[in-house]
Amino acid sequence: MRLWRLVVRRLALSLVALAGLSVVIFAATEVLPGDAVTAVVGPDATVEQRDRARLELGLDRPVLDRYFDWAGAAVLGDLGTAYVGGRPVGDVIADRLPNSVLLGALALALAIPAGVVVGVLAGARPGKRLDRFLSTGSLLAIGIPEFVTAGLLLAILAIGLDLVPPVSLVPLGGGPLDAPTIVVLPVLSLAILPAAAAARLIRASVADTMSSPYVETARLNGIRHSQLLRRHVLPNSLGPAIQVLGLAVGAIIGGAIVVEALFSYPGIGAELSSAVGTRDLPLVQGIALVLAAITLLSLLLTDIAGRLLDPRLRT
Amino acid sequence: MFFTWWSAATVVRMRLVPNNEGQMDRRAFLKNSLAAATVTALAPLIAACSGDGSGSTTTVGTGATTGANATGGTIRAAFVGAGASETLNVFSGGSALDFVRARAMHATLGNLDPNSPDGVAYGVLEGIEAADDLSAYTLRVRPGVVFSDGSPLGAADVIHSLRLAANDATGSFALFVADFDLEAATVDDDLTLTLPTRQPIADGPTILCVGTNFVFKDGTTDFTEDMPTSGPFLLREFDPGVGTRFERNPDFYGLKLGGGPFVDELELRSIPDEAARLNALLDGQVDLANDLSPLQGQELAGDDRIVVEATQPPYLSALYFQMNMAIPPFDDVRVRQAFRLACDRQAMLDTVLFGRGEIGNDMFSLGFPDYAADIPQRPFDPDEARRLLAEAGAEGMSVPLLTGPESPGMVEAATLYAQQLGDVGVDVTINELPAGQLFADFETYLSSPLVSGFTTAAPALLYYQVVFLGGGPFGLGWNRPDIDELVFAARGTADAEERAALAVQAQRALFDEGNAIVPVYKPVITGRVPGLTGIAEGLFEQYPSFSEARLA
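Residues numbered from 1 in each chain as written. Chains lettered and ligands numbered in written order. Predicted model: local features only at pLDDT ≥ 70, side-chain atom pairs only at ≥ 80, totals over all residues. Heavy atoms only, no water.

Undergrad: Explain the overall build of chain A to me, please; I cannot follow it from the model alone.
TA: Summing up its helical and strand segments, chain A has 13 helices and zero strands in all. Beginning at the N terminus, the succession of helices and strands in chain A can be written as α-α-α-α-α-α-α-α-α-α-α-α-α. By principal-axis analysis of the C-alpha atoms, chain A measures approximately 85 × 55 × 35 Å. A fraction of 70% describes how many contacts in chain A between residues 6 or more apart in sequence connect residues 24 or more apart. Total accessible area computed for chain A in this model is approximately 14900 Å², and 69% of it derives from carbon and sulfur atoms. Computed over 25 positive and 23 negative side-chain charges, the inter-centroid distance for chain A is 20 Å. (Helix = DSSP H or I, 4+ residues; strand = E, 2+ residues; numbered from the N terminus. Contact = heavy atoms within 4.5 Å. Areas by Shrake-Rupley, 256 points an atom, 1.4 Å probe, with all protein chains shown as cover. Lys, Arg positive; Asp, Glu negative; His and termini not counted. Charge placed at Lys NZ, Arg CZ, Asp CG, Glu CD.)

In C-alpha cells, the structure reads:
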C-alpha cells in the first residue's frame, strides 16, 4: 500500500476513533453522580433553582440532542464555557496545554533514550546477571503507579536531599523554564514508567535479534560485540522503539493528570483533575477530548514513522 | 423571611476543600462570614465573656502615620485555587484564592470585628444608622477614599456595588444584600446613601459589613486587570491557576488612618493540594499556607520553623451527622437520642482532630453568645442508647452512613462513629463517596437515612433559618412551624437579650427532638513563618487581606 494511502486511511480511522471517544467522554460525564446543575447553582439550591438552571443549561433536552450540539460545536472549535469562572474552555486549554507539552516532551526526551540504553544493555546478553537486574528493575518500575513514584522522588530529591523544590511554582510572569528546577520532579515522575516500558520492549527485540542467524554468522566471522550491536542489532531493533513512542505519549498523558496535580504544576492534567472535582463538565469534556486527540495523533505519527523506518511493514 | 432559604443554605452548607479539597471554597468563606456576622452582632457579649475588652485586633483609626510602620518585603502565601478557571470576577470565582485576591484588590464596606464596640470595623464606610422603625439604613461613605485611577469613591459606587452583588447568579453574595430594596436605594449626596429594607431587620450593619461587600467603581461591568480598585494592594500580575502579584497601594485609605499595608509586595499562589501547600511552606517557597489538615497541624507542632494557628470558637467548622426523620426508624425520637448517646465525642476529638478542636453538644452555635451553653453536655452513654433502641424496637438495626472527604476529618469521623454505633448493636455500612461527590449528588444525599456533613458554626437564628425553616430539604424531615415562628420573631427583634432568648428556645427544641449529631468542631488551620505577623489584624483571617501584615 502506498504510504499516502496508508496515511489517509489511518487518518480516517483516527477521526472515527475520535468520534467514538467523544461519545464515550460525553456518556461518562453524563453518568457522573451529581449533575451539572449542582456545579452551577451549588449543592444547596432549592428545587426551583435547580429546575431553572436545568432549563438554562438545556439539560431538559434529550441526551442525543445535547451530544450533537456539543460535538458539533467542538468540531467548529467551540468547546463551551467552564462553569467555574466562566472562561471559554478553549482559552483554559490554550493556557495550560503548552506547559504540559513541555513536560511531556522533556519526559519523552528522557524516557526513550534511557529505555533504549537499558533495553540494549539487557538484551545484548540475555539471561546474564545484568539482564536479570535491569529486567527486574524495569518490571518493578512499570508496576509502580506514578503517584507512588512521584512521592518517592519527592521524599528523596526534595525533602531528603533538598536538591529541587517540592512544589512546581512557576515564576509569575514567566514560564516553567524560567525556573528549570521546578520541572525536575514531574519530568522524572512521568519518565520512569515509559522508560521502563520501552526498555522491556527493546530488550525483547534486541534479544530476539541477537539470536537471529545473521547475527550468529556475524559473530562467527569475528565481529566484535560492540560493533555487532551498533551495526547489526540496533538498527533492526529500533522498530519497537518507534512504536513505544506512541504508547509513551499515552502513558505520559495519563500520568500527567496525577503528577501535575501532585506537584501543583499548572498543566492540562492538573486542570482536568480539578475540573472533575468541581463537576465542571464542559471543562472535563473539552480537556478529555483534546487529550484523546493528542493520543490518537501520536499513535498515528508513530505508526507512519515506523513504516517509514521499517521496509517490512510497508508491504 | 429575611434571608431567602436558598441563598442562606448556599452559605451554610459548603465544602471547605474541594474535592479533592479545594473546591468551592467561596462557599466556605461565606459560611464563615455568616457565622462571623452574628458573632459580631453580639460582639459586646463576646468581649464581656472574654474578660479582655481590648482585644488584639487593629482597626483603622489608630496607629502611626502613613507608611511609618512599613516593613517592606514580599509576602508569598498559598491558598486553595481553582486552576485556570480562577477569575478576577469575585462573583463567579469558585475558590478561596479568588476571594482572598478580591480582598487584597478591593476595599469593602467593612469587616466583622468582634472586638469592636459595634461589632464591625468600617471600611470605606464611616458609619451606618438605622431608622427608628428599621425600615431603612443610612450609609455614610468615608471622605477621601479614592480608586486607583484617582477618582473619588462615593455613594453611587456603593449602590452600584451592592446591585452587582444582588445580581450574583449563585446567590452567595446576594445573600448579604437580599434584605435591602436596592432599586429604591437613593444617593442623598456624594457620600451618603439610603438603603430601604424589605422588612424590618435589626442587624443591617452586620450584614453590610460582613466582609463580602466589595466596592467597585460605578458602572463597572467587567472585572479586568486594569479596572479601578481601592483595596490595600494594586494588581500587577494575574496568572489564573499560578498566582497573583500585587504592589502596595500608596493611596489606600487605611494608610491615612495609620494602618497598613506595610509590605511592598504580595504574591498569592494557587496550590490546590494540601500536601503541596505544606511542602511549599516547609521548603520556604511560601511564607503562609492556608487550610492545612488536622494531621498536618499535628505534624507541625514543635517545628520551630513554622507557627501553626487554628481558629478559635466560634470560628470553627462543625463535623456532624444527620439522621433523616422522613426515613424510619429515625422518625422515632428515641432512636435519634440513642444515636446521639452512642457517640463518644472525646474519642473523636482525640483521634480525628488530634485534640485540636472542641467537643460538640449536638448544636451548631458553639462559641456564640446565643448558643445554649446552659444545656448540659450530652453524655456518652452506650447503655442508655441500647435501652432506647430496644424500647423503640430498633435494636440490631442496620443503616448506611453516607460520607465523603469534603473536609479533612469527615471520613475519619464517620469511620469512628460507625464503630461506636456498632458497640450499641447498630450495624453501620460506610458509604464513602469520592471527593466532591457528597453534596453534588443532591438526590442521594437528601434521600439517605444517615449522612455526614460539615459547617462552620452559625448563630442559632441564622442556622435554623438556613437549614430547618419551613421543612427545608436540608432539615432532613424536620418541620416545626411553631419553632419557625420563634425564629421569625427573633430576627425582627432589636433587643439583643430578647432575641437570644428566643433563639435558645428554638435550639432547645432541636437538642431535645432534632436530628443532628454534632460530636466535634474543627478549626481552620494555617501555617506561617514566624516572621510573618499581623494576619489576624486584617480581620476575616481565614481569608486574609494582608492589609495589616508585616514581614520581619
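The discussion continues.
Undergrad: What is the right way to read helix α12 (residues 382-391) of chain B from this model?
TA: Residues and elements named next belong to chain B. Those residues of α12 lying buried are Ala385, Leu388 and Leu389. Buried residues of α12 fall within an arc of 100° about the axis and therefore sit on the same side. As for α12, its buried residues are in contact with α10 (333-341). Of the residues one or two after α12, glycine 393 is the one with positive phi, at around 70°. (Buried < 20%, exposed > 50% of the residue type's maximum accessible area, 1.4 Å probe, protein only. Arc of directions from axis to C-beta.)

Undergrad: Help me understand the packing of aromatic side chains, please; the structure alone is not making it clear to me.
TA: Within a pair of aromatic rings, the relevant descriptors are the distance that separates the centres and the angle that separates the planes. The final tally for this structure, using the stated rule, is 18 aromatic pairs over all chains. Between the aromatic rings of tyrosine 67 of chain A and phenylalanine 68 of chain A, the centroid separation amounts to 5.3 Å while the plane-to-plane angle is 65°, which identifies the pairing as edge-to-face. Note on tyrosine 320 of chain B and phenylalanine 364 of chain B: the rings are 5.1 Å apart at their centroids and 85° apart in plane angle, and the pair reads as edge-to-face. Of this pair, tyrosine 320 of chain B sits in strand β13 (residues 316-323) while phenylalanine 364 of chain B sits in the loop between β14 (358-359) and α12; the two residues are 44 residues apart in sequence, bridging distant segments of the chain. Given the relative accessible area of 6%, phenylalanine 364 of chain B is considered buried. The side chain of arginine 378 of chain B reaches across the aromatic face of phenylalanine 511 of chain B, ending 4.0 Å from its centre. Sitting over the ring of phenylalanine 262 of chain B, arginine 550 of chain B keeps its end group 3.7 Å from the ring centre. (Phe/Tyr/Trp six-rings, centres within 6.5 Å; stacked < 30°, edge-to-face > 60°. Lys NZ or Arg CZ within 6 Å of the ring centre and 35° of its normal.)

Undergrad: Please explain empty space enclosed by the protein as it appears in this structure.
TA: Vacant regions in the atomic arrangement are exposed by a probe of water-molecule size rolled over the atoms. Residue and element names in this part refer to chain B. Taken as a whole and judged by the stated rule, the model has nine cavities of 30 Å³ or more. Lining the second largest cavity we find 17 residues, and of these Phe364, Tyr463, Phe468, Gln507 and Leu510 sit closest to its centre. Secondary structure elements with two or more residues in the lining of the second largest cavity: α15 (460-468) and α17 (496-513). A per-element tally of the lining of the second largest cavity places α17 first, with five residues. (1 Å grid on protein atoms, 1.4 Å probe; cavity = no way out; pocket = protein on both sides within 12 Å on 5 of 7 lines; lining within 4 Å. Points joined across faces, edges and corners; volume = space filled by probe spheres on them.)

Undergrad: Help me understand the sheet that holds strand β5 (residues 136-141) of chain B, please; the structure alone is not making it clear to me.
TA: Within a sheet, adjacent strands bond to each other through the backbone by hydrogen bonds, running parallel or antiparallel. All names here are of chain B. One open sheet holds the four strands; their spatial order is β4-β5-β7-β6, and the pairing between them is antiparallel. Two strands close off the open sheet at either side, each with one partner strand: β4 (125-130) and β6 (186-189). Adjacent strand axes in the sheet meet at a mean angle of 25° when their direction is disregarded. Pairing between β4 and β5: five bridges, direction antiparallel. Considered in β5, the bridge of alanine 130 is made with tyrosine 137. (Pairing = 2+ DSSP bridges. Axes fitted to C-alpha atoms, helices over the stretch in contact; angles between N-to-C directions.)

Undergrad: What is the right way to look at the sheet that holds strand β9 (residues 243-248) of chain B in this model?
TA: Residues and elements named next belong to chain B. The strand order β8-β9-β10-β1-β11-β19-β12 describes an open sheet built from seven strands, whose pairing is mixed. Only two strands of the sheet have a single partner each, and these edge strands are β8 (233-239) and β12 (307-310). On average, each strand axis in the sheet is inclined to that of its neighbour by 20°, with strand direction left out of account. Where β8 lies against β9, six bridges are found, and the strand directions are antiparallel. Paired with leucine 235 across the two strands is phenylalanine 246, which belongs to β9. The strands touched by helix α8 (residues 274-282) are β1 (74-79), β11 (288-292) and β19 (525-528); relative to β11, the strand with the most contacts, the crossing angle is about 150°.

Undergrad: Looking at this model, I keep getting lost on the pattern of salt bridges. Mind explaining?
TA: Side-chain pairs of opposite charge can arise where the charged atoms are in close proximity. Evaluated as defined, the whole model comprises 29 salt bridges over all chains. The closest approach of N and O atoms between arginine 87 of chain A and aspartate 95 of chain A, which form a salt bridge, is 2.8 Å. Arginine 87 of chain A gets classed as buried once you look at its relative accessible area, which sits at 18%. Of the residues examined, aspartate 95 of chain A reaches a relative accessible area of 31% and is grouped as partly exposed. The partner of aspartate 482 of chain B in a salt bridge is arginine 480 of chain B, with the nearest N and O atoms 3.0 Å apart. Looking at aspartate 482 of chain B, the relative accessible area reads 42%, which means it is partly exposed. Judged by relative accessible area, which is 22%, arginine 480 of chain B ranks as partly exposed. (Salt bridge = Lys/Arg side-chain N within 4 Å of Asp/Glu carboxyl O.)

Undergrad: It is not clear to me how the environment of arginine 224 of chain A should be interpreted in this structure. Could you clarify?
TA: On the secondary structure map, arginine 224 of chain A appears in the loop between α9 (213-220) and α10 (225-263). A sequence separation of 54 residues divides arginine 224 of chain A from threonine 278 of chain A, and the C-alpha atoms of the two residues are 61 Å apart.

Undergrad: I keep staring at the environment of alanine 413 of chain B and nothing clicks. Help me out?
TA: Residues and elements named next belong to chain B. In this structure, alanine 413 sits in helix α13 (residues 410-423). Considering only alpha carbons, one finds alanine 413 and arginine 236, 177 residues apart in sequence, at a separation of 43 Å. Those residues in contact with alanine 413, other than ones at most four positions away along the chain, are Phe321, Met348 and Val352.

Undergrad: Just checking my understanding: could you explain unusual backbone geometry for this structure?
TA: Glycine aside, the phi torsion of most residues is negative, and most peptide linkages are trans. All names here are of chain B. Across the junction of glycine 260 and proline 261, the peptide omega takes the value 10°, indicating a cis bond. The backbone of phenylalanine 354 sits at a positive phi, close to 55°, despite the residue not being glycine. Here phenylalanine 354 is to be found in the loop between α11 (345-352) and β14. A relative accessible area of 33% places phenylalanine 354 in the partly exposed class. With a phi angle near 65°, aspartate 362 is a residue other than glycine that sits in the positive phi range. Relative to the assigned elements, aspartate 362 resides in the loop between β14 and α12. Assessed through its relative accessible area of 2%, aspartate 362 is described here as buried.

Undergrad: Explanation requested: the side chain of serine 448 of chain B in the structure shown.
TA: With respect to the element layout, serine 448 of chain B can be found in the loop between α14 (442-446) and β17 (450-456). According to the relative accessible area criterion, serine 448 of chain B is buried, its value standing at 9%.

Undergrad: When you look at α8 of chain B in this model, what are you seeing that I'm missing?
TA: Residues separated by three or four positions in an α-helix point in the same direction, a consequence of the helix having 3.6 residues per turn. All names here are of chain B. Of all the nine residues making up α8, seven are buried; the element is thus mostly covered by neighbouring parts of the structure. For α8, the set of buried residues is Glu274, Ala276, Arg277, Leu278, Asn279, Ala280 and Leu281. You can read the cap of α8 off the contacts: a side-chain oxygen lies 3.1 Å from the backbone nitrogen of alanine 275, and it is on aspartate 273. Looking one or two residues past α8, glycine 284 carries a phi angle of roughly 85°, positive in sign. (Polar contact = N/O pair within 3.5 Å; in protein donor to acceptor, adjacent residues only side chain to side chain.)

Undergrad: Would you take a moment to explain the pairing of strand β10 (residues 265-270) of chain B for this structure?
TA: Along any regular strand the residues' side chains alternate between the sheet's two faces. Residues and elements named next belong to chain B. With five of six residues buried, β10 is to be regarded as a mostly interior element. Sheet analysis places β1 next to β10, joined by six bridges and oriented parallel. Looking at the pairing, threonine 74 lines up with glutamate 265 of β10. In this structure, β9 lies alongside β10, joined through five bridges in antiparallel fashion. Each residue of the ladder has a partner; that of glutamate 247, found in β10, is glutamate 265.

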